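# Tertiary structure, described
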Amino acid sequence: MKKQKIHIEKELNCKSANIIWPLLSSAGGLAKWVADYVERNDDQLTFTWGEAWTHQETRTATIMEEVTAHHLKITWNEEEDPEAYWLMAIERSEITGDYILLVTDFAWEEDVDGLYDIWESNFERLHQTTGL
């Protein structure tokens, strides 16, 4: 069985790719809104949620493709579906001039609603920590 692909768009209150791109591609940027701690070593990313003195979850991913100021495509190292990946891309809105964050992700059918909730929470954290 294959996972379902989901697409999410979030307009960011920002007209500069130079501000947005580090939030998507650097360990420090990702730690502001995706996980509590992120480490990047070349094409390997390690995401950690939770604190050392409580329950922690750690997942590792490999960067499949990175086009500076455009998109980052990763796959979780323990991914069961060989076609599943996680893509974050930015595009400029022709109407507002602001950037739009485009996210593609995959989930099992029974987990799709939960994945949307996770991304909504991530976007809220992004807004709270950066104002975007």
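The paragraphs below set out a description of the structure included in this document.

The next thing to look at is the environment of W108. The residue W108 is located in the loop between β7 (99–107) and α3 (112–130) in this model. In the structure, W108 is positioned 98 residues away from K10 in sequence and 22 Å away in space, judged by C-alpha atoms. Apart from residues no more than four positions distant in its own chain, W108 is found in contact with M1, K2, K3 and E80.

Summarising burial for strand β6 (residues 86–92): five of the seven residues are buried, a large majority. Relative to β6, strand β5 (residues 71–76) runs antiparallel, the two being bridged by four bridges. Bridge pairing links L72 to M88 in β6. The sheet contact formed by β6 and β7 spans six bridges and is antiparallel. When the sheet's bridge partners are listed, M88 is paired in β7 with V103. The antiparallel pairing of β6 with β7 creates a hairpin that spans six residues between the two strands, and G97 there sits at a positive phi of about 80°.

The rules behind each value
Residues numbered from 1 in each chain as written. Predicted model: local features only at pLDDT ≥ 70, side-chain atom pairs only at ≥ 80, totals over all residues. Heavy atoms only, no water. Helix = DSSP H or I, 4+ residues; strand = E, 2+ residues; numbered from the N terminus. Contact = heavy atoms within 4.5 Å. Buried < 20%, exposed > 50% of the residue type's maximum accessible area, 1.4 Å probe, protein only. Pairing = 2+ DSSP bridges.

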